[in-house]
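Okay, here's what each chain looks like letter by letter:
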Number of protein chains: 4
Amino acid sequence: MTIEMGWNRYGKARVRVVKIVRLPDRHVIRDLTVRIALEGDFADAHVTGDNSQVIATDTMKNTVYALAKDGLTGTIEAFGTLLADHFLLHRQVERATVWIAEHAWHPMPVDGSTSPDAFVRDGSMTRTATVTAAASGATIEAGVEELSVMKTAKSAFAGFPRDRYTTLADTDDRIMATKVTATWRYASGTTDLDHDAAFGRVLATFTRTFAEHVSLSVQQSIWVIGKAILEAEPAIDEIRFALPNLHHWLADLSPFGLENDREIFVSTTEPHGLIEATVRRGE
Amino acid sequence: MTIEMGWNRYGKARVRVVKIVRLPDRHVIRDLTVRIALEGDFADAHVTGDNSQVIATDTMKNTVYALAKDGLTGTIEAFGTLLADHFLLHRQVERATVWIAEHAWHPMPVDGSTSPDAFVRDGSMTRTATVTAAASGATIEAGVEELSVMKTAKSAFAGFPRDRYTTLADTDDRIMATKVTATWRYASGTTDLDHDAAFGRVLATFTRTFAEHVSLSVQQSIWVIGKAILEAEPAIDEIRFALPNLHHWLADLSPFGLENDREIFVSTTEPHGLIEATVRRGE
Amino acid sequence: MTIEMGWNRYGKARVRVVKIVRLPDRHVIRDLTVRIALEGDFADAHVTGDNSQVIATDTMKNTVYALAKDGLTGTIEAFGTLLADHFLLHRQVERATVWIAEHAWHPMPVDGSTSPDAFVRDGSMTRTATVTAAASGATIEAGVEELSVMKTAKSAFAGFPRDRYTTLADTDDRIMATKVTATWRYASGTTDLDHDAAFGRVLATFTRTFAEHVSLSVQQSIWVIGKAILEAEPAIDEIRFALPNLHHWLADLSPFGLENDREIFVSTTEPHGLIEATVRRGE
Amino acid sequence: MTIEMGWNRYGKARVRVVKIVRLPDRHVIRDLTVRIALEGDFADAHVTGDNSQVIATDTMKNTVYALAKDGLTGTIEAFGTLLADHFLLHRQVERATVWIAEHAWHPMPVDGSTSPDAFVRDGSMTRTATVTAAASGATIEAGVEELSVMKTAKSAFAGFPRDRYTTLADTDDRIMATKVTATWRYASGTTDLDHDAAFGRVLATFTRTFAEHVSLSVQQSIWVIGKAILEAEPAIDEIRFALPNLHHWLADLSPFGLENDREIFVSTTEPHGLIEATVRRGE
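Residues numbered from 1 in each chain as written. Chains lettered and ligands numbered in written order. Predicted model: local features only at pLDDT ≥ 70, side-chain atom pairs only at ≥ 80, totals over all residues. Heavy atoms only, no water.

## Brief notes about the relation of the copies chain D and chain A
Okay, so step 1: With an RMSD of 0.0 Å, chain D superimposes on chain A once it is rotated by 180° and translated 0.0 Å along the axis. Put plainly, the chains are arranged around a two-fold axis. If distances are taken from each C-alpha of chain D to the rotation axis, the shortest is found for D:E270, at 4.4 Å.
Okay, so step 2: A shared binding surface is used by both copies, with 100% of the interface residues of chain D retained as interface residues in chain A. (Least-squares fit on C-alpha atoms with pLDDT ≥ 70 in both. Contact = heavy atoms within 4.5 Å.)

Laid out in structure tokens, this is it:
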């Protein structure tokens, strides 16, 4: 029985690039974190130490900065495509994956208007894109991370099975709090899609549905929200969620002679539930 | 020569409390992290292990939850005062310090209106308050943390001394990026101040001044901004800043035959400058 | 075209359990972080909100604490198996995955001996195990995380291709620093293996090979180390590595009139290379 | 009433320097994080934007790398003194403070010996030093951070006052777990002290005393340990501790029909107690 190389991938992570777009009347900040990974004919690099096919990760970093100069002019999906296609030009590369996170900066509000050259970071979420390019075609995914949301009504969890180790009571009115990670895949053949507009529409559907639906569990919320997004956005094939259930436990105030009718909660992050699920178009 | 107890303080940190205020037409979320520290006659607890004067930190935690029930109805400055005064009632406590950070949640936008019971966390900054209560009176401080801001124009750094180890070039146009920690102290005798309104005014002055001033250094920016805040807000005695200088280095694109006229920057966090300074009223 | 549920999984993460084993002459600390995830017939829970098959994640947490009482007596692989098998008893569960990280505590050294009941945390690495149980059988994986290692000799990187964006010079003597994440899978039919002893042997092979081999790249190091581990340990089928390349750049001291012959380095974490690869037994 | 500059300080933080000492038979790694802060005549820099006295923080960074070349040959206390004295040479500097954290790397064990050029990071604690230099003299402090320790016996907490908000029960046998931050000041006139040896002795006294004493509270433990260190080490004037009380709560297994006689604990980090105290020599 021999020993051999299995699946492998390599690249550069946490490349931090900021581009200042100097328009006539104002500046625009593009602030990205980029990660690149290549798959392909790299077995020799491992087994014999032959680096002749190994594009240095330092070169990848340089490429991000260089291509940002003229190529970062639109969506992160477009810039990711530019980068992935660039690396795919190398014969030994079979698949190039480019992840990009964009950190939003808004012009500072000043006396009812906005500053042309001072900005405040919007830490409420991070927008992401992943482009995977191969000879057989490219896949574009978009997503959101670090989006903390909470429902203080219309959230229940009841009717779950009870065994020897079950102590949780049924509830028809609990807090549901989570920090959303979601990723959706655009169907192939949607290359002329306006990815900025699509992102905005997905976020609006997420927000409206999250707010309005009656949640019977985090699982069911994912279905309701995911279904609403796919119904609203024909260009999307599939959406995946990873939602921690960040428990808010009712504080026990009875030892102090106080009632606590869903008013005072202990906010926790450890342990937490974690619900991962995909909603997709069927055949 | 003897050995003795010196300065000491103890308490509870990272108490996480969420209060859901259930108004007739909508909910409001109050989401706080509280820290309590007591100073006083605790030498015996250390030296002899006599705990008869040691208010358990577990009791402090319970007190936060219990007092939040009826006492968390207004500003965090008011709730901090309530807590600090409560602990000062214990004879052995000479000084009670209560730090509070409030995490902002905004109603979700839904079709031009807002949801009554779904919320999104605003991660753009954290508002803080510190109340220190002693027999001689109380001090109230307010502040802001985790507020990331950037100037892409009107920022220079030149004319600094050059020695054997100086390689930095003078620049009349650099990026200035920082994550603001600021704390200001309200003058005694301003107990009827509306701390929410004052916070809003300080933030607005900060924002406007940050955007409009021409910065010659982070140091000078602190002076200009701090002075503007003290001039606008008579109730404030003193303001302290701790500003990291989060360097954005111009990427060297010349090896690639590309010009880079202040367009593409490498964003860094390590190492960083750190400027700490106080602006205050004189005699 | 319909919309349907795709792959999904749910469970509890960051369950923190500490067990104090009270031996006659000394204590032993077991300090674990556990994560549980279940896959199976949960589509209804999503689509209709029927929770009748949804084992509450709170019940999972309780189960960890309850089973630790009598069941955490040996390796984390054995405890993971106990937990995974427990959840597999539920008819709706098709696959149960249990990840465990063990945090090591060593008895405190005291005057040449060791304390029976005082301990210091060994922060040099975290040992992990993952048990995946299904009707078709179980898979046991073991691993290590957060193990920082460095080679200050016998590390080169040269002969890589040069394109327009390549500026990195060839080097035959560089620092190689990484924080190891490695995971290896035990072959089925090795259920009577002593997983503690096997872990120790893998770590010793890793250490010796890391120290002694001449590295031509991180990729080639993975091959050499992975091959050595598979050769030494017949019970292991496959090993996967994820190794960041934590660059140490030679500080440029020439502006100060100083030579720097591989002596003074700038340690960085951002950006970093990231090499992921699998070494396995072939047919 | 005028507005004026108050206390201020500036410098460079998180300067990461690694020095490889190439001895004939083996290498030694010095891995430091350095922070520098200067106080002095910098009011003009703030008020008028005159940078003629502002040593650039970039120059500070360069100085760390340059002086490490020939000056980092002994203890971090000596290197901190070298750096602080260097900055004090500038006329406008009244006080220079240099903090250094040293990250320990041990030679890799290989077949009963150790490697000359492969190393593993010891993550069990970080050693620190702070040198403060002024015209009036220098102060040298040393310390330790990130040292996690636990007592599973000889730890009680009882006899504390009970009020309306007290629910914690007295206990004569609890777990005490903490992550130690300690800083001690060497007396002036101890400049010929071997700081490496002194650090080793302090750590050994800490360890032995932590293990052997009967703790009546975290407060009393600080006193017992601090006193032991000052008694053993005449060169130390004062020692300060900041000890979180990382609660380990007995898991309630009674709903599952199981006893839990101090065996299974829920490990928590939030909220936590925090005890800060100084033990010092008296008059």
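Structure shown, so let's carry the discussion forward.
## Topic: the packing of aromatic side chains
All names here are of chain B.
Okay, so step 1: Overall, the coordinates contain 20 aromatic pairs over all chains when judged by the stated rule.
Okay, so step 2: With centroids separated by 5.8 Å and ring planes inclined at 15°, the aromatic side chains of F206 and F210 adopt a geometry described as stacked. Linking F206 with F210, this pair stays in helix 4 (residues 195-212), spanning 4 residues, or about one helical turn.
Okay, so step 3: On the basis of relative accessibility, which here comes to 6%, the residue F206 falls in the buried class.
Okay, so step 4: F210 gets classed as buried once you look at its relative accessible area, which sits at 2%. (Phe/Tyr/Trp six-rings, centres within 6.5 Å; stacked < 30°, edge-to-face > 60°. Helix = DSSP H or I, 4+ residues; strand = E, 2+ residues; numbered from the N terminus. Buried < 20%, exposed > 50% of the residue type's maximum accessible area, 1.4 Å probe, protein only.)

## Digging into the pairing of strand 5 (residues 113-121) of chain C
Okay, so step 1: With 5 bridges joining them, strand 4 (residues 105-110) of chain C and strand 5 of chain C adopt antiparallel strand pairing. Across the sheet, C:P107 pairs through a bridge with C:F119, a residue of strand 5 of chain C.
Okay, so step 2: With antiparallel pairing between neighbouring strands as the criterion, strand 4 of chain C and strand 5 of chain C make up a hairpin whose turn holds 2 residues, including C:D111 at a positive phi of roughly 50°.
Okay, so step 3: Both strand 5 of chain C and strand 7 (residues 137-151) of chain D contribute to a ladder of 3 bridges, which runs antiparallel. (Pairing = 2+ DSSP bridges.)

## Notes on the relation of the copies chain C and chain A
Okay, so step 1: Mapping chain C onto chain A calls for a screw motion: a turn of 180° about the axis and a shift of 0.0 Å along it, with 0.0 Å RMSD after fitting.
Okay, so step 2: Take the interface residues of chain C: 100% of them recur as interface residues in chain A, which is what a same-surface contact looks like.

## So, unusual backbone geometry
Note: most peptide bonds trans; most residues except glycine with negative phi.
Okay, so step 1: Residue B:E270 is joined to B:P271 through a cis peptide bond whose omega torsion reads -5°.
Okay, so step 2: Within the element layout of this structure, B:P271 appears in the loop between strand 11 (264-267) and strand 12 (272-281).
Okay, so step 3: Located in the positive-phi region is D:D111, a residue other than glycine, with phi close to 50°.
Okay, so step 4: One can find D:D111 in the loop between strand 4 (105-110) and strand 5 (113-121).
Okay, so step 5: Owing to a relative accessible area of 60%, D:D111 belongs among the exposed residues under this scheme.

## As for the packing of helix 4 (residues 195-212) of chain D against helix 5 (residues 218-232) of chain D
Residue and element names in this part refer to chain D.
Okay, so step 1: For the pair helix 4 and helix 5, interaxial distance at closest approach is 9 Å and the crossing angle is 140°. If you check the angle between helix 4 and helix 5, you find them oblique. Where helix 4 crosses over helix 5, the handedness of that crossing is right-handed. Across the interface between the two elements, V202, T205, F206, T209 and F210 from helix 4 touch V224, I225, A228, I229 and A232 from helix 5.
Okay, so step 2: A per-class count over the contact of helix 4 with helix 5 returns 8 nonpolar, 2 polar and no charged. (Axes fitted to C-alpha atoms, helices over the stretch in contact; angles between N-to-C directions. Parallel < 35°, antiparallel > 145°, perpendicular 65-115°, else oblique. Left-handed = near helix turned anticlockwise from the far one by under 90°. Nonpolar A, V, L, I, M, F, W, Y, C, P; charged D, E, K, R; others polar.)

## Thoughts on the pairing of strand 2 (residues 27-40) of chain A
Residues and elements named next belong to chain A.
Okay, so step 1: Strand 2 sits mainly inside the fold: 11 of its 14 residues count as buried.
Okay, so step 2: In this structure, strand 2 lies alongside strand 3 (residues 93-102), joined through 9 bridges in antiparallel fashion. Across the sheet, I36 pairs through a bridge with V98, a residue of strand 3.

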